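# Observations on the model geometry
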Amino acid sequence: MTKQNDQSFIDQLTLPEKAALVSGKDAWYTATLERVGLKRLMMTDGPSGLRKQNTNAAVTGINDSVTAVSFPSSALTASSFDRDALNQLGHHLGKAARAEKVGVLLGPGINLKRSPLAGRNFEYFSEDPYLAGEMASAYVDGVQAEGVGVSVKHFAANNRENQRFTMSSDMDERTLRELYLTAFEKVVKHSHPATLMCSYNAINGTLNSQNKRLLTDILRDEWGFKGLVMSDWGAVADHTAAIQAGLDLEMPGKGPASTQEIVDAVNAGALSEHDLNRSVLRVLKLVSDYRPESETVEKYDLDEQHQFARKLAGESMVLLKNENVLPLKQGRSLAVIGELAEHPRYQGGGSSHVNAYQVVTPLDAIHKADAKAVYEAGYQLDSETADQKRLDAAVSAAKQADQVLIFAGYPASRESEGFDKTSLALPDNQNALIDAVTAVNDHVTVVLQNGSVVLMPWADKVQGILETYLAGEAVGEATWDILSGDVNPAGRLAETFPIRLADTPSYLTFNADPEHENYREGLFMGYRYYDKKQVPVAFPFGFGLSYTTFKYANLQLNIGSDSVTAQLSVSNTGNVAGTETVQAYVANKASRIEKPVKALANFAKVALQPGETKTVSVTLDQRAFSWYNPEISDWQVDNGEYDILIGTSSQDIRLQATATLDWPQAAKPKVTLNSYIGDVLALPEAQAALKASGLTETFAALASGETTDQQMLLNIPLRSANMVGATQEQLTQFLTLMHEL
């Protein structure tokens, strides 16, 4: 600690000065205390690019932000399944923030994509907590390696935008722990972020800004978090209760009113000065650790950052369909249709909006490569009604072209921070355009620009579909890199694309109640739901095509003392170089609990030349075999069989093997008088105790379970075992022996 963040320094501060420190000075700064020489620290939005605003700008003043590179949105970068790429993104963001004298970058957002209707899904990584945690940890490591802090957000269970300030996310403990807290836990334990930002919503009735169980008991006492907790902007309803719960910094402050309410609370005995000092110390430490020494803005290489944005976007885009239409054939005429080619949607709204350095549109990139390509707008972005004149011109151009590209997607008005969508359909005029063009040309590729899932009723009518999400300012170059074949697509979906909105797991409850968001689907969210219910999907989690093909072989498992390593060979069986994403899933056969069919446990990227074979190893740690047991308030792993599934998506499993765990740290079987005879007989650990107590012989006639009577009697608890001849002495001896294990 420096002299400005130790206890002796705090002792010099007056009560009003302490109160000022736990409230933001304004939208972007911590308080300045001139009397003791404490300067302010600046924070700014930046999940996909720096949104540093001028000092006098309003919170939403988009046009007042500095020029910065707009990187691909998290919806796209997660599709890279590439930890190294996310780490490099973090480094680039950190360098930009450091040059602009920003101390804390407000990002990444790591909430899960529970519903495809959630308006902020473009800013989040995935429906899967393991993938979200891995991507976020790599990002955080990169930013903080540049000497800039992060604020991982929005903690926690912030999965809808409507009524986000007041609604409660209501769920059971296993769902909370296994899904909605998991990514945060991973980032906290592995990457030690400078700050976490608590979300607006409540969890099970308690606002997160004053949720002691969330902010202190779990975050600090269980996970060991040492950093600062700040509020989302305007999330604090009761500042005194928030500080008591473990919130350190209200953002933004309410001016003198914020200071006075804390002073009054301390003077009235409603807030202890000890609790206030705890938060003050964390604010001082943050300022000490991350405030730049100078406030002079420096230059940094925006051109190099733009080129990285292009590379990252190209390596993340997902080829969803390709019937020999891509890469585009050289020398054949090309029609480019869709206003999004000329005016692309390349970034999200709200806190994700960046004053972009150099936007290259798809039309710019295409005309640079193919000056003869014909362009027609086809539709108006600011309208959903078909423009017959534009539609007719697009159809005419398509009739005369050998190849057609249609750029389609959601307008910015459809999805943003602050509200949720009501539909997954593209605007009617875009769907009508695709139908009309496919009626006159068989060689059509649709290029999508969207923040999250779209429905594709025309999917069977087109030959190619390329998902580019919100690709950042290099959208045009990166898209053309894929379409032309200069880059082999390697992206994989980080979320499931359903066939219908009604198929989604939260369809019955999402936004149904303004005050309570009921997570009745529980653990079965995303691919976990579609797998369990056997619901067909348009494109599964983890899916993505390549311009080459891959073969998997030779799966071998090595079971260690607390992990399992899967090793296999992957071969490029095509004619061009490509990168494959090997996905490892675990299917729990051992635990008698509600559980998904399988869950992602690790993944690996492997780059291969044509004909090349490489060995790939992925390690599955103990957490991959664990479930959260609310009865013991801890994670539990059970010995027994687990299938290790290796595939190219959640639904394309190429290799499978079974790992039989016999770990000493695994949970011991809990046997009581309420345990059922059939279950007890199936326990390997119970065999010696059954024999010693004489129950093996007593139950011998039931063991096969061949007759209906045997099956019925196996399905009774030990407390009723006198029905099959067991004595109370035998049962007492058996339970005593089992408890001694």
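These figures come from a predicted structure and were not determined experimentally.

Calculation notes
- Residues numbered from 1 in each chain as written.
- Predicted model: local features only at pLDDT ≥ 70, side-chain atom pairs only at ≥ 80, totals over all residues.
- Heavy atoms only, no water.
- Helix = DSSP H or I, 4+ residues; strand = E, 2+ residues; numbered from the N terminus.
- Rg over C-alpha atoms; globule rule 2.2 N^0.38 Å.
- Contact = heavy atoms within 4.5 Å.
- Buried < 20%, exposed > 50% of the residue type's maximum accessible area, 1.4 Å probe, protein only.
- Polar contact = N/O pair within 3.5 Å; in protein donor to acceptor, adjacent residues only side chain to side chain.
- Expected span 1.5 Å × (residues − 1).
- Axes fitted to C-alpha atoms, helices over the stretch in contact; angles between N-to-C directions.
- Left-handed = near helix turned anticlockwise from the far one by under 90°.
- Nonpolar A, V, L, I, M, F, W, Y, C, P; charged D, E, K, R; others polar.
- Salt bridge = Lys/Arg side-chain N within 4 Å of Asp/Glu carboxyl O.
- Pairing = 2+ DSSP bridges.
- Core = buried A, V, L, I, M, F, W, Y, C linked by side-chain atoms within 4.5 Å.

### Considerations on the overall build of the chain
When you go through the chain residue by residue, the secondary structure sums to 23 helices and 28 strands. The C-alpha atoms of the chain give 29 Å as radius of gyration, which agrees with the globular expectation for 741 residues (27 Å, within 12%). Projected onto its principal axes, the C-alpha coordinates of the chain cover approximately 90 × 75 × 45 Å. For the chain, long-range pairs separated by at least 24 residues make up 75% of all intrachain contacts whose partners lie at least 6 apart in sequence.

### Digging into the environment of D45
If you trace the backbone, D45 turns up in strand β1 (residues 43-45). Taking the relative accessible area as the measure of exposure, D45 reaches 6% and is therefore buried. Linking D45 and V336, residues 291 residues apart in sequence, is a C-alpha distance of 35 Å. Setting aside chain neighbours within four positions, we find D45 in contact with W28, L50, R51, L105, L106, K153 and S351. Engagement of the side chain of D45 in a polar contact is seen with the side chain of R51, the distance being 2.5 Å.

### Comments concerning helix α11 (residues 273-290)
For α11, built from 18 residues, the straight-helix expectation of 26 Å at 1.5 Å per residue is met to within 8% by its first-to-last C-alpha distance of 26 Å. Of the residues making up α11, those classed as buried are D275, L276, N277, S279, V280, R282, V283, L284, L286, V287 and Y290.

### Concerning the side chain of D638
By the secondary structure assignment, D638 is in the loop between β26 (634-637) and β27 (640-649). At 2.5 Å, the side chain of D638 and the side chain of S591 are in polar contact. A polar contact of 2.7 Å, which involves the side chain of D638, links it to the side chain of Q636. Once residues lying within four places of it in the same chain are set aside, the contact partners of D638 are A590, S591, F625, W627, A666 and A667.

### Considering the packing of helix α15 (residues 388-399) against helix α16 (residues 428-438)
Their axes nearest at 9 Å, the elements α15 and α16 cross at an angle of 35°. Between α15 and α16 lies a crossing whose hand is right-handed. Residue-level contacts link L391, A394, V395 and A398 of α15 to A432, L433, A436 and V437 of α16. Per-class residue counts for the contact of α15 with α16 are eight nonpolar, no polar and no charged.

### Section: the pattern of salt bridges
Following the criterion strictly, the structure yields 48 salt bridges and no others. Where E134 meets R83, a salt bridge forms, and the shortest distance between an N and an O atom there is 2.6 Å. Placement of E134 in helix α5 (residues 129-145) and of R83 in helix α4 (residues 83-99) is noted, with a sequence separation of 51 residues between them. Given the relative accessible area of 26%, R83 is considered partly exposed. Put simply, D387 and R390 hold a salt bridge, and the shortest N to O gap is 3.8 Å.

### Remarks on the sheet that holds β1
Taken in spatial order, the five strands make up an open sheet running β1-β3-β4-β6-β9, and their pairing is parallel. The sheet is open, and its two edges are formed by β1 and β9 (228-231), each paired on a single side. Between one strand and the next, the sheet's axes are offset by a mean angle of 30°, whatever the strand orientation. Sheet topology places strand β6 (residues 195-198) next to β9; four bridges connect them, and they run parallel. From the neighbouring strand, T195 faces β9, where its bridge partner is L228. In this fold helix α7 (residues 182-191) packs onto β4 (149-155) and β6, with an angle of close to 160° to the strand it touches most, β4. Set on the sheet, α11 makes contact with β3 (104-106), β4, β6 and β9; between it and β9 the angle comes to about 100°.

### Structural notes on the packing of α5 against α7
Two elements in contact, α5 and α7, have axes separated by 8 Å at closest approach and are oriented at 35°. As α5 packs across α7, the resulting crossing turns out to be right-handed. Across the interface between the two elements, P129, Y130, A132, G133, E134, A136, S137, V140, D141 and Q144 from α5 touch T182, A183, K186, V187, H190 and S191 from α7. Taken together, the residues of the contact of α5 with α7 sort by class into seven nonpolar, six polar and three charged.

### Considering the nonpolar core
F155 and W233 are the most contacted members of the largest nonpolar core, which totals 114 residues. Considering each element in turn, this core owes the most residues, nine residues, to α5. Once you skip the residues sitting within four places of it in the chain, F155 turns out to touch L181, F184, L196, M197, C198, S199, N208, L214, L215, L219 and W223. Among the nonpolar cores identified, the runner-up in size contains 71 residues, and M317, L320, A459 and I465 belong to it.

### Some points on the sheet that holds strand β14 (residues 403-409)
Spatially, six strands are ordered β10-β16-β15-β14-β11-β13 in an open sheet, and the strand pairing comes out mixed. Whereas interior strands pair on both sides, the edge strands pair on one side only; in this sheet they are β10 (318-322) and β13 (374-376). Put simply, the sheet's adjacent strands are angled 15° from each other on average, direction ignored. Looking at chain direction, β14 and strand β15 (residues 444-449) are connected through six bridges and run parallel. Residue pairing in the sheet places A408 in a bridge with L448 of β15. The strands that α15 touches are β11 (334-337), β13 and β14; relative to β13, the one it contacts most, it runs at about 155°.

### Examining unusual backbone geometry
Here the bond from K153 into H154 is cis, since omega is -5°, no more than 30 degrees from zero. Structurally, the position occupied by H154 is in strand β4. A cis amide bond links L326 to the next residue, P327, at an omega of -5°. Along the polypeptide, P327 turns up in the loop between β10 and β11. Here N204, not a glycine, exhibits a phi torsion of approximately 50°, which is positive. Residue placement: N204 occurs in the loop between β7 (202-203) and β8 (206-207). Phi is positive for S633, which is not a glycine, with a value near 55°. Tracing the backbone through its elements, the reader meets S633 in the loop between β25 (626-629) and β26.

### Structural notes on the environment of N602
Of note, N602 is situated in strand β23 (residues 599-608). Separated by 18 residues in sequence, N602 and A584 have C-alpha atoms that sit 5.2 Å apart. At 2.9 Å, the side chain of N602 and the side chain of R83 are in polar contact.

### Section: the pairing of β27
Of all 10 residues in β27, nine are buried; the element is thus mostly enclosed. Relative to strand β28 (residues 652-661), β27 is paired through nine bridges, and the arrangement is antiparallel. From the neighbouring strand, E641 faces β28, where its bridge partner is T660. Between β27 and β28, which follow one another and run antiparallel, lie two residues.

### Structural notes on α16
Helical geometry: 3.6 residues make up each α-helical turn, so side chains three or four residues apart lie on a common side. What α16 keeps buried is the set N429, Q430, N431, L433, I434, V437 and T438. On its buried face, α16 sits against β11, α15, β14 and β15.

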